[in-house]
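# Fold and geometry: a report
What follows is the residue order along each chain.
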Amino acid sequence: MKTDWPAWRAKWNALSFYEKFEQVVVLVLTGVIAVVIVSALWHLILRVALGLVLVDVFDPTDPIIFQTVFGAIFTVIIALEFKRSLLVVAERRFGVVQVRVVVLIAMLAIVRKLIILDLAQTDAATVLALAAAILALGVVYWLVRDQDRRDQPARGPD
């Protein structure tokens, strides 16, 4: 992949001081999140591999193990989505705050919580609160998605 350095430098010079600061912060956060993703993925692979091969205690039909593994998988997915949203900001396609992406990440976090939740140990009020939160986030996501569709210019047939 070849970088067009003169074009990149022209774009960089056109940015204000704060926009340059914002870009540096986004790039640092992207690096930190990449390290977190690699670490979480490594621990997930080790947990599954060691449990399956070496210790032979990995039973995917056991609800506790299922919840633990899928909770770890969702943690990696949430971090990947967060990193992707930062890369969109780094490419300067949109501003820093992307409501739709934040709502999507929140929905993923609640789904992760629902997967790892032990319903036998959880009271009904907690489950109801999580259900209300996911419903509210779903409505907000739908409204923002609908707004994005209206903001896009009409396209003719391709």
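Notes on the structure in this doc start here. (Residues numbered from 1 in each chain as written. Predicted model: local features only at pLDDT ≥ 70, side-chain atom pairs only at ≥ 80, totals over all residues. Heavy atoms only, no water.)

### Looking at the pattern of salt bridges
A pair can form between side chains of opposite charge whenever their charged atoms are brought close. Evaluation of the coordinates by the stated rule reveals one salt bridge. Between Glu-81 and Arg-84 there is a salt bridge, with the nearest N and O atoms lying 2.7 Å from each other. Here Arg-84 and Glu-81 lie together in helix α3 (residues 63-90), a separation of three residues that amounts to about one turn. Residue Arg-84 is classed as partly exposed on the basis of its relative accessible area of 43%. (Salt bridge = Lys/Arg side-chain N within 4 Å of Asp/Glu carboxyl O. Helix = DSSP H or I, 4+ residues; strand = E, 2+ residues; numbered from the N terminus. Buried < 20%, exposed > 50% of the residue type's maximum accessible area, 1.4 Å probe, protein only.)

### Points about a nonpolar patch on the surface
The grouping of Tyr-18, Phe-21, Val-25 and Leu-29 at the surface amounts to a nonpolar patch, some 380 Å² of accessible area in total. Tracing the sequence through the fold places Leu-29 in helix α2 (residues 17-54). Under the relative-accessibility criterion, Leu-29 is labelled partly exposed at 37%. (Patch = residues over 30% accessible without salt bridge, like charges linked within 9 Å, V, L, I, M, F, W, Y side chains within 5 Å. Areas by Shrake-Rupley, 256 points an atom, 1.4 Å probe, with all protein chains shown as cover.)

### Examining the packing of aromatic side chains
Taken as a whole, this structure holds one aromatic pair when the rule is applied. Between Tyr-18 and Phe-21, the ring centres sit 6.0 Å apart and the planes meet at 45°, which makes this aromatic pair tilted. Placement of the pair is Tyr-18 and Phe-21 together in helix α2, with a separation of three residues, close to one helical turn. Tyr-18 sits in the exposed class, given a relative accessible area of 52%. Judged by its relative accessible area of 46%, Phe-21 is partly exposed. (Phe/Tyr/Trp six-rings, centres within 6.5 Å; stacked < 30°, edge-to-face > 60°.)

### Quick word on the nonpolar core
Soluble, globular proteins show a tendency: their nonpolar side chains are buried together. Listed in full, the seven residues of the largest apolar core are Val-26, Ile-33, Ile-37, Val-76, Ala-79, Leu-86 and Val-89. Where this core is concerned, the elements lending two or more residues are α2 and α3. The element best represented in this core is α3, accounting for four residues. (Core = buried A, V, L, I, M, F, W, Y, C linked by side-chain atoms within 4.5 Å.)

### A closer look at helix α4 (residues 99-116)
Along its 18 residues, α4 runs 26 Å from first to last C-alpha, staying within 8% of the 26 Å computed at 1.5 Å per residue. Every buried residue of α4 is listed here: Val-101, Val-103, Ile-105, Leu-108 and Ile-110. (Expected span 1.5 Å × (residues − 1).)

### Let's talk about the side chain of Ser-85
With respect to the helices and strands, the residue Ser-85 is situated in helix α3. Exposure remark for Ser-85: the relative accessible area of 12% places this residue in the buried category. A polar contact is formed between the side chain of Ser-85 and the backbone oxygen of Phe-82, at a distance of 2.6 Å. Contacts of Ser-85, omitting those with residues within four sequence positions, involve Val-101 and Ile-105. (Polar contact = N/O pair within 3.5 Å; in protein donor to acceptor, adjacent residues only side chain to side chain. Contact = heavy atoms within 4.5 Å.)

### Here's the deal with the environment of Leu-114
For Leu-114, the position within the fold is in helix α4. With 47 residues separating them along the chain, Leu-114 and Gln-67 place their C-alpha atoms 9.3 Å apart.

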